[in-house]
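Tertiary structure, described
Residues per chain, in single letters:
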Amino acid sequence: MNKLSAYDIVRNPVVTEKSTMASEHNQVVFDVAIDASKTEIKAAVEQLFSVKVKAVNTLVRKGKVKRFRGKIGTRNDVKKAIVTLVDGQSIDISTGL
């Protein structure tokens, strides 16, 4: 996997109250490509951040139905990955890549 495809898989970190609480348990939350598998996500995170990944859990947040000027539209689905790191490893998402 080259670095460009790793950036296509891992889109951006999720910074919410719940994700910062998860960081206390050695977990990091990312938005990922909707068609990415757990093994692809694991390989991309290990390559980009030079860390060892213990486990990857994924979930798909369905897009909301919204109205704009009377027209009905749907937001895109978003896939989130909760990446658990091996003890002693950490990712500082505030510094960027």
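This text gives an overview of the structure that appears in the document. Note that this is a predicted model, so its numbers are computed, not measured.

**Here's the deal with the overall build of the chain**
- Counting its secondary structure elements, the chain contains 3 helices and 6 strands.
- Mapped in sequence order, the helices and strands of the chain form the string α-β-α-β-α-β-β-β-β.
- Reported as C-alpha extents along the three principal axes, the dimensions of the chain are approximately 50 × 30 × 25 Å.
- Here the chain holds 97 residues, and the buried ones make up 29% of them.
- Residue pairs in contact within the chain that sit at least 24 positions apart in sequence constitute 59% of those at least 6 positions apart.
- For the chain, the exposed surface amounts to about 6900 Å²; the carbon and sulfur share of it is 50%.

**Quick look at the sheet that holds strand β2 (residues 27–32)**
- Strand order in the open sheet formed by 4 strands is β1-β2-β6-β3, and the pairing between neighbours is antiparallel. Strands at the two margins of the open sheet, each flanked by one partner only, are β1 (10–13) and β3 (53–61). Neighbour to neighbour, the strand axes of the sheet diverge by 35 degrees on average, direction disregarded.
- Bridging between β1 and β2 involves 3 bridges; their strand directions are antiparallel.

Basis of the calculations
- Residues numbered from 1 in each chain as written.
- Predicted model: local features only at pLDDT ≥ 70, side-chain atom pairs only at ≥ 80, totals over all residues.
- Heavy atoms only, no water.
- Helix = DSSP H or I, 4+ residues; strand = E, 2+ residues; numbered from the N terminus.
- Buried < 20%, exposed > 50% of the residue type's maximum accessible area, 1.4 Å probe, protein only.
- Contact = heavy atoms within 4.5 Å.
- Areas by Shrake-Rupley, 256 points an atom, 1.4 Å probe, with all protein chains shown as cover.
- Pairing = 2+ DSSP bridges.
- Axes fitted to C-alpha atoms, helices over the stretch in contact; angles between N-to-C directions.

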